Structure formats: structure tokens, C-alpha cells
Amino acid sequence: KHGRVAMAAIVGCIVHNNGIHFDGYLSPSAGLKFEDVPTGINGIRAIPTAGLIQILLFSALVELAWMPASKYDGDYGVGYFGNDIADPDEKARKLNVELNNGRAAMMGIMGNMVAEVLTGQTMAEQYAAGHISPFGDGQGVF
């Protein structure tokens with residue numbers, strides 16, 4: 001499940017950094033629109049406390065009731081886009097592919113968060129400024 005959450009997080013990060021936002025309000029009572037939430041790791045600070053509690057309660061529901069942590073194989077019986085995979089070899093291969101993609105996404109979102117904290121820039125700001133060098137010279141890729 002951590003890999004699936006990380007895959008959603010990295011896609012959300014890329015989408016949000018490209019200026020794509022939901023229409024409407026995140027919190028109508030607080031007057032907070034989705035577009036008012038800053039990009040990057042600082043966006044969590046803009047969410048009202050009640051919203052964070054709702055997120056935590058939903059996560060607990062999923063973790064404890066719907067998809068228990070005791071299912072180490074990642075097969076929660078929901079199928080592949082609604083279709084169950086009958087061939088056990090194909091099913092095992094697809095679960096391994098998803099597991100590996102989840103691991104890559106976990107590394108990607110963690111690297112993105114670390115880079116944001118170290119540089120003080122979001123992913124989009126880093127790319128726009130050319131700060132994508134692993135050697136820290138700020139002159140491009142290498």
C-alpha cells in the first residue's frame with residue numbers, strides 16, 4: 001500500500017507543480033480554494049486541522065478494515081482494473097511489477113521532498129532555475 005500511496009503522491013506532485021488544480025473549495029468554511037494551497041511540501045500546512053483529521057481517519061479505515069496490513073502479497077482481491085487475473089504466473093508478474101513501481105515511486109517522492117527541504121524550492125522551481133544537477137553546480141544535468 002505504501003507504494004500505491006507513493007505513486008499517487010508523485011503523480012499529484014507533478015500535476016500540482018504544473019499548475020493544474022481542482023476547481024472549487026478545499027474548505028468552504030475557511031474560504032480555502034484548492035488553488036490557494038501552495039505547491040510542494042509546504043502545502044500540508046495550508047490544510048485546516050479538521051481536514052487533516054479526516055485524512056487520518058480515512059487512512060485508518062483503509063488500513064484497519066478494507067485493506068489490512070497482513071496481506072503482504074499485495075493482492076487485495078480487487079483485480080486488475082476490475083478484472084481478476086486467472087493465470088497465477090501472470091498475476092504474480094503483475095504484482096511484482098506493481099511492487100517495483102511502488103518502490104521507485106517511494107524513492108521519487110522521498111527524493112523530491114528532500115530536495116525541496118534542502119533547496120527551499122519546489123520541483124517546478126528547481127527545473128525552471130536549472131537546479132537539477134546531482135553535483136550541485138546548478139549548471140544543468142551534469
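Residues numbered from 1 in each chain as written. Predicted model: local features only at pLDDT ≥ 70, side-chain atom pairs only at ≥ 80, totals over all residues. Heavy atoms only, no water.

Asker: Tell me about the packing of helix α1 (residues 2–17) against helix α3 (residues 88–119), and please be specific about residues and values.
Answerer: The N-to-C vectors of α1 and α3 enclose an angle of 50°; their axes lie 7 Å apart at closest approach. Between α1 and α3, the interaxial angle falls into the category oblique. Both α1 and α3 take part in a crossing whose hand is left-handed. Two secondary-structure elements touch here, α1 through His2, Gly3, Arg4, Ala6, Met7, Ala9, Ile10 and Cys13 and α3 through Glu98, Asn101, Gly102, Ala105, Met106, Gly108, Ile109, Asn112 and Glu116. Within the contact of α1 with α3, the residues separate by chemical class into eight nonpolar, six polar and three charged. (Axes fitted to C-alpha atoms, helices over the stretch in contact; angles between N-to-C directions. Helix = DSSP H or I, 4+ residues; strand = E, 2+ residues; numbered from the N terminus. Parallel < 35°, antiparallel > 145°, perpendicular 65-115°, else oblique. Left-handed = near helix turned anticlockwise from the far one by under 90°. Contact = heavy atoms within 4.5 Å. Nonpolar A, V, L, I, M, F, W, Y, C, P; charged D, E, K, R; others polar.)

Asker: So, the nonpolar core: which residues are in play, and what are the values?
Answerer: Counting six residues, the largest nonpolar core consists of Ala6, Ile10, Cys13, Ala105, Ile109 and Met123. For this core, the secondary-structure elements that each account for two or more residues are α1 and α3. The element best represented in this core is α1, accounting for three residues. Look past the residues within four positions of isoleucine 10 in its chain and what remains in contact with it is Ala105, Gly108 and Ile109. (Core = buried A, V, L, I, M, F, W, Y, C linked by side-chain atoms within 4.5 Å. Buried < 20%, exposed > 50% of the residue type's maximum accessible area, 1.4 Å probe, protein only.)

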